[in-house]
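Coordinate inspection notes
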Amino acid sequence: MELKPTILILGGTGEARMLASALAGQARYRVVSSLAGRTAAPLMPEGEVRKGGFGGTEGLVKYLRETGIALVVDATHPFAAGMSRSAAEACDATGLPLLRVERPPWEPGPGDEWRMVADWEAAAAALPEGACVLLTVGGGEIAPFLKRTDVSIVARMIEPPPIPVPGHCDILLSRPPFTLEDEIALMKERGIDVLVTKNAGGEATAAKLDAARALRLPVIMITRPRKPPVPGAATVESMLALIERALT
Ligand code: NAP
């Protein structure tokens, strides 16, 4: 019996789930999606799934060898720099092909007032004194902002933060996608003066930027971390073609 090549998808994103579904429909590959296991109730990809860290580059090398993976697709979030680095190092060590699917970053357009900053600390430092801030970063990333007791914060996230939150920060739990109307209503109701976001890119959370433009609000934009250069595609469709080429 002919063995199917196994593709490992490093996931945790919508693109990773779409890719898993697209590959599940093609009988010629076996596909395993990998999740970090950080979220209590993650949206699950179609097909086989494994959960939890590999144990750094060494652990991933061991996993790739033991499971006979033929190709790795890094479909992690643009801010998941640690996983992308160890994927690049492990594929280097094992000689396996590595591809990356990554949505393009958001770009400012006419009427946008964006201030680019390199990280969360710089974003917290850039908040105007006394501002009412809509903070759209992960629960594990809010600590630097909480130190700014001179601002009031509405922090929107999917799951509750892992740390206690002081009175000047209001946690808003909700899961994207969000519409422009909802974003405008939220910003108006809460009297938001400034939006803070990571440059995640993609459609699901882009409406907040349109809302900020419509309301003439400034945006503090955290720029993406650098990831190792690997062949990649911006869409799942182009990734399917790259995979086919790499495995034939
Ligand atoms: P990270 O900083 O790059 O990863 C830290 C460690 O978590 C990695 O070294 C690895 O542990 C483990 N890990 C991460 N992604 C994994 C995966 N897909 N499968 C198995 N282990 C994984 O990543 P992060 O920013 O914490 O993100 C964690 C996950 O959430 C990623 O899968 C990412 O796609 C998803 N996500 C992240 C964001 C974000 O803003 N960062 C947003 C949405 C979704 P070992 O070293 O032990 O292998």
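Residues numbered from 1 in each chain as written. Predicted model: local features only at pLDDT ≥ 70, side-chain atom pairs only at ≥ 80, totals over all residues. Heavy atoms only, no water.

1. With respect to the site of the ligand
Worth spelling out the cut-off: Proximity is defined per residue: if any heavy atom of the residue lies within 4 Å of a molecule or strand, that residue is considered near it. Counting of polar contacts relies on pairs of N or O atoms within 3.5 Å, with two restrictions inside protein: one atom must be capable of donating a hydrogen and the other of accepting it, and residues adjacent in sequence are counted only when both atoms are side-chain atoms. With residues, only the protein chains shown are counted as cover, and all accessible areas are computed by Shrake-Rupley using a 1.4 Å probe. In this description a helix means any DSSP run of H or I spanning at least four residues, a strand means any run of E spanning at least two, and both kinds are numbered starting from the N terminus.
Close to the ligand lie 22 residues, the nearest being Ser34, Arg38, Phe54, Met83 and Lys198. Between the ligand and the protein, one listed contact pairs an oxygen atom with a backbone N or O atom of Gly55 at 2.8 Å. Take His77: an N or O atom from its main chain is 2.9 Å from an oxygen atom of the ligand. Relative to its free-state accessible area of 800 Å², the ligand is covered by the protein chains to the extent of 74%. Counting residues per element, the ones that place at least two in the shell around the ligand are strand S2 (30–35) and helix H3 (81–94). In terms of residues, the shell around the ligand owes the most to one element, H3, which gives three residues.

2. Considering helix H8 (residues 236–246)
Note on helix geometry: an α-helix contains 3.6 residues per turn, so any two residues three or four positions apart are oriented the same way. Rules: Note on classification: 1.4 Å probe, protein chains only; a residue is buried when its accessible area is under 20% of the maximum for its type, exposed when over 50%, partly exposed between these limits. Summarising the geometry, the arc corresponds to the directions from the helix axis toward the C-beta atoms. Contacts between residues were defined by any pair of non-hydrogen atoms, one from each residue, lying within 4.5 Å.
Looking only at H8, the buried set comprises Val236, Met239, Leu242 and Ile243. Projected down its long axis, H8 shows its buried positions confined to an angular sector of 110°, all on one face. Residues of H8 that are exposed and angled more than 90 degrees away from the buried face: Glu237 and Arg245. Those residues of H8 that are buried are in contact with strand S1 (6–10), helix H1 (14–24), strand S4 (69–74), strand S5 (98–101) and strand S12 (232–233).

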